[in-house]
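Listed below, chain by chain, are the residues.
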Amino acid sequence: MLQRRKSLVADALRSALSRAFGVDHDPTVEVPPQRRLGDLASPCALHLARELRQAPRTIAERLIETLELPSGFDRVTVEGPGYVNFHLDRTAFAAAMLDAVPLLPSATEGQPAKVIVEHTNINPNKAAHIGHLRNAVLGDVLARALRSLGRTTEVQNYIDDTGVQVADVVVGFLDLRGCSVADIEALPEPFDYTCWDVYSEVGRWYGSDAERLELRRRTLHALESGRGRRAEAGRLVARRIVSRHLATMGRLDIDYDLLTRESEILRLDFFVAAFEQLKQSGAVRFEETGKNAGCWVMPLSESQEFQGLEDPDKVIVRSDGTVTYVGKDIAYQLWKFGLLGRDFEYAPFQGGPRRDGPCGEGPLWETGPASAGCGTEQAPAFGAAARVINVIDARQAYLQRIVRAGLEALGHTRQAGESIHFAYEMVALSARTAEQLGFSGDAVLEMSGRKGIGVKADDLLDQLESKSRTEIAARRGDGDTEGTADRDDELLARQIATAALRFFMARATTTRVIAFDIDEATAFEGETGPYLQYSIVRARNIRRRLAEEGLPQEVGGRRAAQLPSEAWPDDLWDLVLLASRCQDTVERAAATLELSLIARHTVDLAQKFHAIYHRHPILHEKDTDLRDARLAATQIFVRSLEALAEILGVPLPERM
RNA sequence: GCGCCUGUAGCUCAGCGGGAUAGAGCGGUGGAUUCCUAAUCCACAGGUCGGGGGUUCGAGUCCCUCCAGGCGCACCA
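About the criteria used
- Residues numbered from 1 in each chain as written.
- Chains lettered and ligands numbered in written order.
- Predicted model: local features only at pLDDT ≥ 70, side-chain atom pairs only at ≥ 80, totals over all residues.
- Helix = DSSP H or I, 4+ residues; strand = E, 2+ residues; numbered from the N terminus.
- Buried ≥ 20, exposed ≤ 12 C-beta atoms within 10 Å, placed from the backbone.
- Contact = placed C-beta atoms within 7 Å.
- Pairing = 2+ DSSP bridges.
- Axes fitted to C-alpha atoms, helices over the stretch in contact; angles between N-to-C directions.
- Parallel < 35°, antiparallel > 145°, perpendicular 65-115°, else oblique.
- Nonpolar A, V, L, I, M, F, W, Y, C, P; charged D, E, K, R; others polar.
- Domains from an automatic or database assignment.

(A) Quick look at the overall build of chain A. Each helix and strand in chain A was counted, giving 25 helices and 16 strands. Expressed along its principal axes, the backbone C-alpha trace of chain A runs to roughly 85 × 70 × 55 Å. In chain A, which comprises 656 residues, the share counted as buried stands at 45%. Long-range pairs, those at least 24 residues apart, make up 73% of the contacts in chain A between residues at least 6 apart in sequence.

(B) Expanded view of the sheet that holds strand 13 (residues 419-424). Ordered by their spatial adjacency, seven strands build an open sheet running 10-11-6-5-4-12-13, and the pairing between neighbours is mixed. One side of each edge strand has no neighbouring strand; the edge strands of this open sheet are strand 10 (346-348) and strand 13. Direction aside, the axes of adjacent strands within the sheet are offset by 25 degrees on average. Those strands touched by helix 14 (residues 397-409) are strand 12 (387-393) and strand 13, and its axis lies near 175 degrees from that of strand 13.

(C) Molecular detail of the packing of helix 9 (residues 210-225) against helix 10 (residues 229-251). Between helix 9 and helix 10, the shortest axis-to-axis distance is 8 Å and the interhelical angle comes to 75 degrees. Classed by the angle they form, the pair helix 9 and helix 10 counts as roughly perpendicular. Taken together, the residues of helix 10 that come into contact with helix 9 (itself represented by Thr 219, Ala 222, Leu 223 and Ser 225) are Arg 230, Ala 231 and Gly 234. Broken down by class, the residue content of the contact of helix 9 with helix 10 amounts to three nonpolar, three polar and one charged.

(D) Here's a closer look at the domain arrangement of chain A. In terms of domain boundaries, chain A breaks down into domain 1 (2-88), domain 2 (431-476 + 484-521) and domain 3 (529-648). Placing a centre on the C-alpha atoms of domain 1 and another on those of domain 2 gives a separation of 48 Å.

(E) Spatial organisation of the pairing of strand 8 (residues 296-299). Side chains Trp 296 and Met 298 of strand 8 all project onto a buried face; the interleaved residues Val 297 and Pro 299 project onto a face where none is buried. Bridging between strand 8 and strand 9 (residues 313-317) involves four bridges; their strand directions are antiparallel. Of the residues in strand 9, the one forming a bridge with Met 298 is Lys 314.

(F) Looking closely at the packing of helix 18 (residues 486-506) against helix 20 (residues 529-548). Interhelical geometry of helix 18 versus helix 20 gives an angle of 125 degrees and a closest axis separation of 7 Å. As far as their axial angle goes, helix 20 and helix 18 are oblique. Residues Ile 496, Ala 499, Ala 500, Arg 502 and Phe 503 of helix 18 lie in contact with helix 20, whose contacting residues are Gly 529, Pro 530, Leu 532 and Gln 533. By residue class, the composition of the contact of helix 18 with helix 20 is six nonpolar, two polar and one charged.

(G) Quick look at unusual backbone geometry. With an omega dihedral of 0 degrees, the bond running from Glu 189 to Pro 190 counts as a cis peptide bond. Residue Thr 120 is not a glycine yet carries a positive backbone phi of 75 degrees. Among the structural elements, Thr 120 can be located in the loop between strand 4 (114-118) and helix 5 (130-148). On the basis of neighbour counts, which here come to 25 C-beta atoms within 10 Å, the residue Thr 120 falls in the buried class. Residues other than glycine seldom take positive phi values, yet Leu 593 does so here, at roughly 60 degrees. Mapping Leu 593 onto the fold places it in the loop between helix 23 (582-592) and helix 24 (596-615). Here Leu 593 falls in the partly exposed class, since 18 other C-beta atoms lie within 10 Å of it.

Quick look at the structure:
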């Protein structure tokens, strides 16, 4: 909403500068730090001071004489050292805001048709931990933001069901614990917790024992071929774990359109097709001698991007004929862009949370052999995107660059450019939290599934829900005999837990390692998810109380347009102005992949609302102009916060 | 060795292509519950923006350099 006013101001300044000084200058327009200074400001007079050999204030004064005030503005003033400040017509702007939708599809010109967002991608061999949650929340918020901006978005979750990590757990069950496949099947939930322990056990059990490590190699081969008891155990482990992961993510309202499984990439010979392309284009070569003898490698030394590496070549096919992760990922990336020349088969996902959908089992699909009556023909058209955003932690930047280099080597320059690595730093444990969990705690501690170091996602969620229940009970405790239904409280506890966790993950800048502190992550006060929820509950309570008093609960745009400008004091007005920047914020966040901008903007809005709530009562205000202006501001706030909370995935309860 | 990221209040962090008096939250101290529920608000205390150079009318922000910390550079993913 504000963006349009900004360009109006820029245009007016540009032509005034041209008229008054004969200069061609592109003025910057910003929002001044205090509302009494104005709503939009330009430091152009400061920028031009040297060129024009005049004092900034002199330039500014002359400028506003020739300036044609754009429509929607009241006046223009010169402030401070020579800023040209524009003051909006508050009444007209607020009335327009009342009728406006907080978030609109942005202009689609130059925007790719379909965007694939790949996130979560947890190895299906153990419980999800809080590091995985950062990935999933960022990916989910990004997908929600893109969709709110009108972009076609497909969310994929990659399941590495044939990798070393699954193989290790299979060895753990079959060889270390002596289980049968039926034993594994019979294990009670939480299966992912059991695997968590098995995985770290087997790591220690291997030690440097060559025979045991041979078991791992054999299992890995079995997983890749898909045949035999070990493969069967691998499929079982992966299937059960994926169900658990989906359930965990479901608690946070995170879901997917498609689960892509690595075993299917192998079964359908995706790599064979990609490998043909790589060989033909000369992007890979066979090494006869040297340390990589017998391997197919992708040479990277010519690319400036990869200067200074210890090894200038990247192995794609190992000397034993198996394919590295990068090789498989290049094939997968080619498929995502529709460049591979073949497609998966699809089936509705079995064994996850059931949802309503066209094929009975719900809208979640997985790659795999089609099941009877509902398969590939009924599936939506997956893949073939114009842009691919992979949410993967920053430690894998090097691998992502190689995948991109692979596309480039095949001549897919545009797609290489549209292969975007959404990198974020890892989640480590704060010294204090590490110590509470029994790990040595003098510095932040990196989590490690292999070592069993970490905080499980479900444990954290349980803790958050339990704390929510306690808080809810404490607030119900003051002799309130109304007897709120337990089920409502249970829902509320879940909503509060979801909000707290999602907001905690979303507010962190992606370039920063999160030192996860249990007390901070479970806080419900200050800059937290529950704080946002409470702000909306307050706003909704106003409506409820107005209804009880028989007063109108809404102000229309026509009524708002009649309010005197005195009805808009600076603080109330500031809320309206901030709300008008939602669209701009979400667009900038989606473009820069800095989603914390959305979280920050949302909490800023809530803070302004809470403050105003105390200063400007609505119910007890006798002056109808003042009351209606406050109510209008509240309406604008509610709609903006609802739109932003939807993107953040923060559920907004009716009461708290 | 090469590359990426980080260093701002006691703690956790914001600070948008340089610009108006460096901001929040937590913690601390002191206030506000005849109230639209205090999961809130208000006030106070707390800062040579890691050090040093440079560019500029102006630097937390840009450039160089040094220091400190984290992460990468596998026939693991």
